[in-house]
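Chain by chain, the residues run as shown.
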Amino acid sequence: MSDVRKEIIKAIKELVSQNILFAKGGNLSAKCGKDQLVVTASGKDYSVVKEEDLIVVDYQGKVIEGERKPSSELPLHLAIYKKRPDVNAIIHTHAIWPYVLSVTHQSLPPISDEFTILLGGEIKVSKYEFPGTDKLAESVVESLGMNNASLIANHGCVTVGRTVEEALENMVVLANFSKVYVLAKIFGTPHVLPDWAIEKEKEMYKKWHGFV
Ligand SMILES: [Zn+2]
């Protein structure tokens, strides 16, 4: 279990260094042991977070270990784990560029081979729901589908992975390609990949994840 804690702290440091995670916004979780999750605490400043600040909860959200309150977005994490048994780690952030897409309710289309293969295709925006609610969780589970990322209407984004490292890589890729897309829209007309390439890459994604 301490390995999972270490991986989460390492991911937080990386995300803070890239300004993807800042102040107290966002949260991370990962499966550990049997039917348990390590999750970040509510309202903790990520620039000073330590292993002791992480909370262990069960799949009902009950605190097993830790002094602080778990993240208020725990229902979102629990709902994703319930729907997607392949997912072992989840990262939610208020990263600026995906946030721009989330407030304008614009999905991120497949504009790059790399991100289509890693994230699964077009990254959709969930329907707006109030933070911390089961309705928000439901809405994000739907927009995520079998992809590795979703935009959350007016509230940033989420990525998932089979490991903390994978969820982290997916978050960095989402943040960077959201930036590319927003800048491309300002500079000119972003061209989406041809359909045949998208289909090929979706197949690669599915095979790589064991979905087919
Ligand atoms: Zn948030």
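Scroll up for the structure.
Residues numbered from 1 in each chain as written. Predicted model: local features only at pLDDT ≥ 70, side-chain atom pairs only at ≥ 80, totals over all residues.

S.K.: Describe the overall build of the protein, with residues and values.
M.R.: In terms of regular secondary structure, the protein is built from seven helices and seven strands. Along its sequence from the N terminus, the protein presents helices and strands in the succession α-β-β-β-β-α-β-α-α-α-β-β-α-α. Relative to the compact-globule value of 17 Å for 212 residues, the protein shows a C-alpha radius of gyration of 16 Å, a close match. Along the longest, intermediate and shortest principal axes, the C-alpha atoms of the protein span 50 × 35 × 30 Å. (Helix = DSSP H or I, 4+ residues; strand = E, 2+ residues; numbered from the N terminus. Rg over C-alpha atoms; globule rule 2.2 N^0.38 Å.)

S.K.: Tell me about unusual backbone geometry, residues and numbers included.
M.R.: The residue Asn19 is not glycine, and still its phi comes out positive at about 60 degrees. In this structure, Asn19 sits in the loop between helix 1 (2-17) and strand 1 (27-32). Since 10 C-beta atoms lie within 10 Å of it, Asn19 is described here as exposed. For Asn154, which is not glycine, the phi dihedral falls at a positive 55 degrees. Locating Asn154 in the fold gives a position in the loop between strand 6 (149-151) and strand 7 (157-161). (Buried ≥ 20, exposed ≤ 12 C-beta atoms within 10 Å, placed from the backbone.)

S.K.: Tell me about the environment of Cys157, and name the residues and values.
M.R.: On the secondary structure map, Cys157 appears in strand 7. Take Cys157: there are 30 C-beta atoms within 10 Å of it, and that puts it in the buried class. Distance in space between the C-alpha atoms of Cys157 and Ala41 is 18 Å, their sequence separation being 116 residues. Excluding residues that lie within four positions of it along the chain, Cys157 makes contacts with Thr93, Ala95, Pro98, Ser102, Ala149, Ser150, Leu151, Ile152 and Leu174. (Contact = placed C-beta atoms within 7 Å.)

S.K.: A description of the sheet that holds strand 3 (residues 55-58) should follow, citing residues and the corresponding values.
M.R.: With antiparallel pairing, seven strands are arranged side by side in an open sheet as 4-3-2-1-5-7-6. Looking along the sheet, the strands with just one partner apiece sit at the ends: strand 4 (63-65) and strand 6. Taking the axes of each pair of neighbouring strands and ignoring which way they run, one obtains an average angle of 25 degrees across the sheet. Where strand 6 meets strand 7, three bridges bridge the pair, whose relative direction is antiparallel. Paired with Ser150 across the two strands is Val158, which belongs to strand 7. Against the sheet, helix 6 (residues 164-187) contacts strand 1, strand 5 (89-93), strand 6 and strand 7, and its axis sits at roughly 145 degrees relative to strand 7. (Pairing = 2+ DSSP bridges. Axes fitted to C-alpha atoms, helices over the stretch in contact; angles between N-to-C directions.)

S.K.: So what about the nonpolar core? Which residues, and what values?
M.R.: Counting residues in each nonpolar core, the largest one holds 55 residues, and the members touching the most others are Ile8 and Ile90. The element best represented in this core is helix 6, accounting for eight residues. Look past the residues within four positions of Ile8 in its chain and what remains in contact with it is Leu28, Ala30, Val38, Leu54 and Val164. (Core = buried A, V, L, I, M, F, W, Y, C linked by C-beta atoms within 7 Å.)

S.K.: Could you give me a rundown of the environment of Ile20, with the residues and numbers involved?
M.R.: Here Ile20 shows up in the loop between helix 1 and strand 1. Judged by the 24 C-beta atoms lying within 10 Å of it, Ile20 is buried. It is 30 Å that separates the C-alpha atoms of Ile20 and Pro194, two residues lying 174 residues apart in sequence. Not counting the four nearest positions on each side in its chain, Ile20 is found in contact with Leu15, Thr93, Ala95, Met171, Val172 and Ala175.

S.K.: Give a description of the packing of helix 2 (residues 74-83) against helix 5 (residues 134-144) that names residues and reports values.
M.R.: Relative to each other, helix 2 and helix 5 sit at 40 degrees, their axes nearing to 8 Å. Relative to helix 5, helix 2 is oriented oblique. In this structure, the crossing between helix 2 and helix 5 has a hand that is right-handed. Note on element contacts: helix 5 touches helix 2 through Asp134, Leu136, Ala137, Glu138, Val140, Val141 and Leu144, opposite Pro75, Leu76, Ala79, Ile80 and Lys83. Tallied by class, the residues present in the contact of helix 2 with helix 5 amount to nine nonpolar, no polar and three charged. (Parallel < 35°, antiparallel > 145°, perpendicular 65-115°, else oblique. Left-handed = near helix turned anticlockwise from the far one by under 90°. Nonpolar A, V, L, I, M, F, W, Y, C, P; charged D, E, K, R; others polar.)

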